[in-house]
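Per-entry structural report
For reference, the chains in residue letters:
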Amino acid sequence: MTDLFGAVEADPHSEAGTRPDLRVMLDAQRQTCPVFHEPDGTVTLLAHGDVRAAALDPATFSSAVSAHRALPNSLDGEEHRVYRRLIDAYLTDDEVRAQEPQCRSHAAAIVRGLPRGATVRTVLDIGTPYAVRVQSSWLGWPAAIEDELVDWMADNREATRSGDRRRTAEVAERFDLIISRLLDARRDGGVDDATSRLMADRVDGRRLEHAEIVSILRNWTAGDLGSLAASVGVIVHHLATDVALQAHLRQLVAANRTEDFEDAMEEILRIDDPFVSNRRVTTRDTVVGGEPIPAGTRVALNWTAANRDPAAFGDPDAFDPAQHADASLVFGIGPHRCPGRALTLMELRVIIWELLARTTRIAMSPERGPVRELPPVSGWAKVPIVLDPV
Ligand code: HEM
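Residues numbered from 1 in each chain as written. Predicted model: local features only at pLDDT ≥ 70, side-chain atom pairs only at ≥ 80, totals over all residues. Heavy atoms only, no water.

**Re the coordination of the iron atom of the ligand**
Counted only if it meets this: Coordination partners: N, O, S within 2.8 Å of the metal, 3.2 Å for Na, K and Ca; water not considered, so apparent gaps in a site are possible. For the purposes of this entry, the term helix denotes a DSSP run of H or I that reaches at least four residues, the term strand denotes a run of E that reaches at least two, and both are numbered from the N terminus.
Looking at the iron atom of the ligand, one finds just one donor atom contributed by the protein, Cys-338 (SG), at 2.3 Å. Among the structural elements, Cys-338 can be located in the loop between α14 (321-324) and α15 (341-357).

Here's what the structure looks like:
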């Protein structure tokens, strides 16, 4: 048996055209073998119905996948609910609205600084600095750590791609050290930002412990920095290669239709979901897609594959937010559904809106082609574009 990505060890330096597209591989795999047994014993679920059902059945598909306690990701049941309540309070619609002016000023500064008529690197010049800045201003982190966070994002992506657990653990540890330093700098109080609020917050009538705060902040930031930058790449690539869709979004900007604009962001991410999968472990013997899965099996819920399942969406590449919103699994489903959805969609709306409002056309660069990420990472590593001035 080969592993799901066995065929793509290939050349990591290969460019567009020669790099495999994870979506194509997953589409084929889902059609032939929607419940895929990896050589290491993990069972990967690829069909929309199976992924959805597993995410909605935490009693059978537990999130306690490792000895390491991740808040709230690795928790189940009542313990999970307690921490989710605490976390959700930082990500309400009001909290998100309060962040919007800062996001807009970061987006405006980035877009104003981009050259017109010359090649712009979407992920590196737009997605990455935007992700780091909006997150830092939300959490009150100093601009001085921006470069460190950008380096960390690159190393984290490489570690994920390598599949080497030791390397992933090392990168995670480095992130914890960055967070610990930020917490130490706040011990004397006097700062009012989300990080300081979290340090004073209480769970079960007691203050959060240092390790708990680090874990919560890691799960707000570590993966999501990369997801936001990758999402900007996916959306800009989509607009630069689909003239009609770009014209449609320009109309939404002109008509100030923010809600429809956010629906469009989510639908583009459904078509090309860069947030590939999450893990579970079975608590009892079960059956998925007619296949018996014993208790104690590691299971991967593959959102990217599920979001392109023709059984749920017909033509997976058709852009149809109204038709597809209910079944979309971009932000998951069930008790672990992403608490950062509203924040993410606002942040994406603001940066893409700014790009459209300050240009007349976004086109792919004639000099260089786009480059996919290497599986198991999805989305685009490089999206070179050219912006036409207003
Ligand atoms: C493009 C951006 C993002 C995507 C596609 C995304 C997607 C997801 C998905 C699919 C899950 C479900 C995980 C599961 O069922 O195991 C999830 C969970 C989570 N997300 Fe996001 N997310 C994004 C951004 C964010 C942001 C900006 C934050 C925080 C500020 C965030 C915080 C979390 C947390 C804490 C969880 C775990 C929730 C729990 O276990 O109860 N995410 N995300």
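On we go from here.
**Side note on the site of the ligand**
The cut-off we apply is this: The near set for a molecule or strand comprises every residue that places at least one heavy atom within 4 Å of it. N or O atoms closer than or at 3.5 Å make up a polar contact, with two conditions inside protein: a donor-capable atom paired with an acceptor-capable one, and, for residues adjacent in sequence, both atoms drawn from side chains.
Around the ligand there are 25 residues in total, and His-80, Arg-84, Arg-280, His-336 and Cys-338 lie nearest to it. Note that an oxygen atom of the ligand is positioned 2.6 Å from one of the side-chain N or O atoms of His-80. Listing elements by their share of the shell around the ligand, those giving two or more residues are α3 (77-88), α9 (210-241), β7 (277-282) and α15. Per-element accounting of the shell around the ligand gives the leading share, five residues, to α9.

**Describing the sheet that holds strand β3 (residues 61-62)**
Heads up, the rule is: Paired strands, as defined in this entry, are two strands with at least two bridges between them according to DSSP.
Spatially, the five strands line up as an open sheet ordered β1-β2-β10-β7-β3, and their pairing is mixed. This sheet does not close on itself; its edge strands, each paired only once, are β1 (35-37) and β3. Summarising the sheet, strand β2 (residues 43-45) and strand β10 (residues 298-302) pair through three bridges and their orientation is parallel. Residue pairing in the sheet places Thr-44 in a bridge with Ala-300 of β10.

**Considerations on unusual backbone geometry**
The amide bond that connects Leu-71 to the next residue, Pro-72, takes the cis arrangement and shows omega of 0°. Relative to the assigned elements, Pro-72 resides in the loop between β3 and α3. The linkage connecting Pro-375 with the following residue, Pro-376, adopts the cis geometry, with an omega of 10°. Position of Pro-376 relative to the elements: it lies in the loop between β12 (371-372) and β13 (380-382). Positive phi outside glycine occurs at Asp-204, with the angle close to 50°. If you trace the backbone, Asp-204 turns up in the loop between β5 (202-203) and β6 (206-207).

**Some points on the packing of helix α10 (residues 243-254) against α15**
Note the following rule: To obtain an axis, a line is fitted to C-alpha atoms, over the contacting stretch when the element is a helix, and the angle between two such axes runs from 0 to 180 degrees between their N-to-C directions. Oblique is the label for any angle not under 35 degrees, not over 145, and not in the 65 to 115 range, which are roughly parallel, roughly antiparallel and roughly perpendicular in turn. Contact criterion: two residues are considered in contact whenever any of their non-hydrogen atoms come within 4.5 Å of each other. Note that Gly is not counted as nonpolar here; it falls among the polar residues with everything else outside the nonpolar set of Ala, Val, Leu, Ile, Met, Phe, Trp, Tyr, Cys and Pro and the charged set of Asp, Glu, Lys and Arg.
At a minimum axis separation of 10 Å, α10 and α15 run at an interaxial angle of 100°. Classed by the angle they form, the pair α10 and α15 counts as roughly perpendicular. Facing Gln-246, Leu-249, Arg-250, Leu-252 and Val-253 of α10, the residues of α15 in contact are Trp-353, Leu-356 and Ala-357. Classifying every residue of the contact of α10 with α15 gives six nonpolar, one polar and one charged.

**Thoughts on the confidence of the model for the protein**
Short version of the rule: Per residue, pLDDT captures the predictor's confidence, and it can take any value from 0 to 100.
Averaged over all residues, the pLDDT of the protein equals 92, while 95% of them reach at least 70. The low-confidence segment residues 7-14, where pLDDT is below 50, has eight contacts with residues more than four positions distant or belonging to other chains.

**What about the packing of aromatic side chains?**
Defined as follows: Only rings of Phe, Tyr and Trp enter the pairing, Trp through its six-membered ring, and a pair is recorded when the two centres are within 6.5 Å. The plane angle decides the type: under 30 degrees is stacked, over 60 is edge-to-face, the rest tilted. Whether a charge sits over a ring depends on NZ of Lys or CZ of Arg being within 6 Å of the ring centre and within 35 degrees of the ring normal.
Inspection of every chain in the model, using the stated rule, returns four aromatic pairs. Every member of this aromatic cluster is reached through a ring pair, and the members are Tyr-90, Trp-138 and Trp-220. Geometry around Phe-313 places Arg-270 over its ring, the cationic atom sitting 4.5 Å from the centre.

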